[in-house]
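# Coordinate analysis (summary)
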Amino acid sequence: MKFNNIKLTAIALLVSFTAFNCSSDDDNGPTGPTGPNFTGTFAQQDQMGRPAINTVFVDMADKNMFNTTIPSNQGAAFQTKFEAKLLALNPGYTTNALTWDAATFTGALATDVLTVSLNGTTTFFDGTNVLTGRALADDVINVELTLIFGGPDALTGNPTNPGLINDNVDGNDKPFLSTFPYLASPW
Amino acid sequence: MKKSKILIGAAILTIAGFFAIAADHIDAPAVAGGTSDITDIYAFEGQNTDNIVFVANVQGLITPANTASAAFDENVLVEFNIDNDGDAVADLVIQAIPRDGVMYFFGPIAPSQSGLNSTILADTAIRNEVQITTGGSAIVETNNGMSFFAGPRDDPFFMDFFRYVDIVTPGDDDGDGEEETAFLPAGTGDGFASDSFAGTNVLSIVVELPKSMVGNGDSVNIWVETKRKQ
C-alpha cells in the first residue's frame with residue numbers, strides 16, 4: 001500500500017513534469033474559461049420550408065437527399081420528380097385552384113422555402129392571401145389536399161375528388177396562446 | 001384516455017417505420033426519430049405587428065410520460081435561414097444551440113458560408129440566451145425587442161394522418177372489405193376523423209423579433225435546418 005502510494009506520487013510528478021514541458025509553447029494566447037464552447041463544423045441533416053413537402057412529394061429513396069440539397073438547387077433536382085409524384089397521386093390533375101398546371105405547381109413546391117409577408121397578413125391560405133406565411137392555426141393539410149386533389153374549381157363549390165380535399169380535422173387539440181410563445185403548454 | 005393516447009403514440013411510431021409522417025415529422029430515414037428531426041416550422045406576424053415570429057419544432061410524437069426526459073441535443077444546431085432577396089439563398093441566419101439547460105441564440109447575422117455546413121458565429125453575432133423550460137410554465141427571455149423560448153410544447157400540427165395513409169396505400173387497410181377512397185366525416189369515435197397528433201408534444205424553439213431585423217422588402221423566404229456537430 002505504502003509502496004503503491006510512492007509509485008503513484010512518482011507517476012503524478014512525472015506526468016506534471018511532462019505536461020509542463022509539452023504545454024510550454026501552446027498556451028501563449030488568452031486563457032481561462034470563456035463560457036460554452038461552440039466551435040466545430042455542423043453538417044446538415046434535416047431541413048424544412050413548407051409543411052409536408054418531403055413527406056408527400058419525395059420518393060423514399062430520395063428523402064435524405066432532399067434534406068441535404070440546398071433550396072436554391074432543389075428546383076433543378078426535384079421538379080420533374082415532384083410532377084411525376086403529383087400525377088401519381090392524382091392522375092386526373094389538370095390545374096388547381098391557383099390555376100397552376102402540374103409543371104407550375106411542382107416548380108413552386110420543389111424549392112422548399114416558406115414565403116412570409118412583412119407587410120400584410122401571414123397565412124398559408126385564408127381564402128384571400130396565399131402562401132404569405134404559416135400561422136399556428138392554419139389548416140395547411142386541407143390547403144395542400146385541395147391544391148393536389150381539388151381541381152380548378154375546388155374553391156367555388158365544385159371540387160374534383162370531394163372526399164380527398166378535407167381530412168375533417170380542422171383545428172389543434174389545444175388552444176393557442178395570444179401572447180409569446182404562442183404554442184400551447186405540453187400535455 | 002391517457003392510456004389510449006400513449007398507445008396512439010406508439011402506433012404512430014410503429015407506422016412511421018413504413019411511412020413518412022406529415023408535416024415533416026419523421027420525414028426521412030437519416031433523421032427519423034432522432035434529435036435532429038424537424039417536425040414543423042411556422043412563421044407569422046407577432047402580437048406586436050411590427051414583429052415576426054419564427055417557430056422550429058423538433059423531436060415529434062413525444063408522449064406526456066416521456067416529455068420530462070425529452071431534451072434538446074447539444075450537438076445539434078438549429079438554424080433559421082432567412083432569404084431576403086428572393087434567390088432561396090440564406091442572407092441571414094439565427095442559430096440556436098443548447099448548453100447545460102440554456103438555449104443560446106446567435107444572430108440574425110450573415111452566415112459565414114452558404115451550403116450544408118455551418119460554424120456557429122459565437123464571436124461576431126448578437127448573442128441571447130434563455131433557460132430551457134422543463135414544465136408547463138414557459139420561461140421567456142426578452143432582450144432588445146427580441147423574445148426567446150425553448151422547451152416542450154403541445155404539437156401544434158393536426159391531421160388525420162392514419163386515414164391519409166390508408167387512402168394512399170392501395171387495397172383495404174382498415175379491414176372493412178373496401179379500399180379507402182375518402183377521408184372520414186367529422187365526429188367522435190370509430191368511423192370518424194381524428195387528429196393523429198392529439199396528446200403528443202414536441203420540443204419548440206420560438207423567436208420573435210422586429211421585422212426590420214430580417215428584411216426591408218415585402219417578404220422574406222425562410223426555412224429551418226438542423227446540423228450535427230462533426
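This text gives an overview of the structure that appears in the document. All residue numbers here refer to positions counted from 1 along the written sequence of the relevant chain. Each chain gets a letter, beginning with A, and each ligand a number, beginning with 1, in the order they are written. Totals for whole chains, interfaces and linings use every residue, but because this is a predicted model, local features are given only for residues with pLDDT of at least 70 and side-chain atom pairs only at 80 or more, for both listing and counting. For the side-chain quantities, the full set of heavy atoms in the structure was used; hydrogens and water were omitted.

## A short note on the pattern of salt bridges
All names here are of chain B. Put simply, a salt bridge is a Lys or Arg side-chain nitrogen that is within 4 Å of an Asp or Glu carboxyl oxygen. Evaluated as defined, the whole model comprises nine salt bridges over all chains. A salt bridge links aspartate 174 to arginine 163, with the shortest nitrogen-to-oxygen separation between them at 3.3 Å. One end of the pair, aspartate 174, is in the loop between helix H3 (161-168) and strand E10 (201-210); the other, arginine 163, is in helix H3, with eleven residues separating them in the sequence. Each of the salt bridges in this network shares a partner with another, and the network as a whole consists of Glu79, Glu225 and Lys227. Strands are runs of DSSP state E lasting at least 2 residues, helices are runs of H or I lasting at least 4, and numbering of each runs from the N terminus.

## Observations regarding a negative patch on the surface
Taken together, the side chains of Asp172, Asp173, Asp176, Glu178 and Glu179 of chain B make up a negatively charged region of the molecular surface. Structurally, aspartate 172 of chain B is set in the loop between H3 and E10. Only residues whose relative accessible area exceeds 30% and that take part in no salt bridge are eligible for patches, with like-charged residues grouped when within 9 Å of each other and nonpolar side chains (Val, Leu, Ile, Met, Phe, Trp, Tyr) grouped when within 5 Å. The Shrake-Rupley method, run with a 1.4 Å probe sphere, supplies the accessible areas, and residue values consider only the shown protein chains as cover. Here Asp and Glu are counted as negative and Lys and Arg as positive; His is not counted, and neither are the chain ends. Where a charge sits is defined by one atom per residue type, namely NZ (Lys), CZ (Arg), CG (Asp) or CD (Glu).

## With respect to the side chain of threonine 133 of chain B
Residues and elements named next belong to chain B. Following the sequence through the fold, threonine 133 ends up in the loop between strand E7 (127-131) and strand E8 (141-143). Pairs of N or O atoms within 3.5 Å make up the polar contacts considered here, provided that, within protein, one atom can donate a hydrogen while the other can accept it, and that residues adjacent in sequence are counted only when both atoms are side-chain atoms. At 2.8 Å, the side chain of threonine 133 forms a polar contact with the backbone nitrogen of isoleucine 139. Should any heavy atoms of two residues lie within 4.5 Å, those residues are considered in contact. Excluding anything up to four places from it in sequence, threonine 133 contacts Ala138, Ile139, Phe149, Ala150, Gly151 and Pro152.

## Focus on the packing of helix H4 (residues 71-89) of chain A against helix H5 (residues 102-110) of chain A
All names here are of chain A. An axis is simply a line fitted to the C-alpha atoms; with a helix, the fit covers only the stretch in contact. Between two such axes, the angle follows the N-to-C directions and lies from 0 to 180 degrees. Between H4 and H5, the shortest axis-to-axis distance is 8 Å and the interhelical angle comes to 130 degrees. Compared by their axis directions, H4 and H5 come out oblique. Every pair of crossing elements has a handedness; the one defined by H4 and H5 is right-handed. The residues of H5 that touch H4, namely those facing Gln74, Gly75, Phe78, Gln79, Phe82, Glu83, Leu86 and Leu87, are Ala102, Ala103, Phe105, Thr106, Gly107, Leu109 and Ala110. What sets the label is the angle itself: under 35 degrees gives roughly parallel, over 145 gives roughly antiparallel, 65 to 115 gives roughly perpendicular, and the rest give oblique. Note on convention: near helix rotated counterclockwise from far helix by under a right angle means a left-handed crossing. Clockwise means right-handed.

## A short note on the environment of leucine 164 of chain A
By the element assignment, leucine 164 of chain A lies in the segment after helix H6 (140-149). Relative accessibility thresholds used throughout: buried, under 20% of the residue-type maximum; exposed, over 50%; partly exposed, between the two (1.4 Å probe, protein chains only). Accessibility expressed as a relative area gives 11% for leucine 164 of chain A, which makes it buried. Residues leucine 164 of chain A and leucine 145 of chain A, 19 residues apart in the sequence, show an inter-C-alpha distance of 6.7 Å. Filtering out sequence-adjacent residues up to four positions away, leucine 164 of chain A remains in contact with Leu145 and Phe149 of chain A together with Ile167, Thr181, Ala182 and Phe183 of chain B.

## Looking at the nonpolar core
To form a nonpolar core, buried Ala, Val, Leu, Ile, Met, Phe, Trp, Tyr and Cys residues must be joined to one another through side-chain atoms within 4.5 Å. Phe82 of chain A together with Phe54, Met103, Phe105 and Ile222 of chain B are the most contacted members of the largest nonpolar core, which has 81 residues in total. Counting residues per element, this core draws most heavily on strand E2 (residues 51-62) of chain B, at eight residues. Two domains each put at least three residues into this core: domain 1 (2-156 + 200-228) and domain 2 (160-194) of chain B. Leaving out residues up to four positions away in the same chain, phenylalanine 82 of chain A has contacts with Ile53, Phe57, Val58, Phe66, Thr106, Leu109 and Ala110 of chain A. Counting residues in hydrophobic clusters, the runner-up holds 15 residues, among them Phe38 and Val113 of chain A together with Val93 and Leu121 of chain B. Where each domain starts and ends follows an automatic or database-derived domain assignment.

## A closer look at the packing of aromatic side chains
Residues and elements named next belong to chain A. Paired rings are identified among Phe, Tyr and Trp, the last through its six-membered ring, by centres lying within 6.5 Å, and are further divided according to the angle between planes into stacked (under 30 degrees), edge-to-face (over 60) and tilted (the rest). Under the criterion given, the structure shown has 14 aromatic pairs over all chains. Where phenylalanine 66 meets phenylalanine 82, the ring centres are 5.7 Å apart and the plane angle is 35 degrees; that geometry is what we call tilted. Placement of phenylalanine 66 in helix H3 (residues 63-67) and of phenylalanine 82 in helix H4 is noted, with a sequence separation of 16 residues between them. The same class applies to phenylalanine 66 as to phenylalanine 82, namely buried.

## A look at the pairing of E10 of chain B
Residue and element names in this part refer to chain B. Of all ten residues in E10, ten are buried, a share of seventy percent or more. When DSSP finds two or more bridges between a pair of strands, those strands are recorded as paired. With nine bridges joining them, E2 and E10 adopt antiparallel strand pairing. Note that in E10 the partner of valine 53 across the bridge is glutamate 208.

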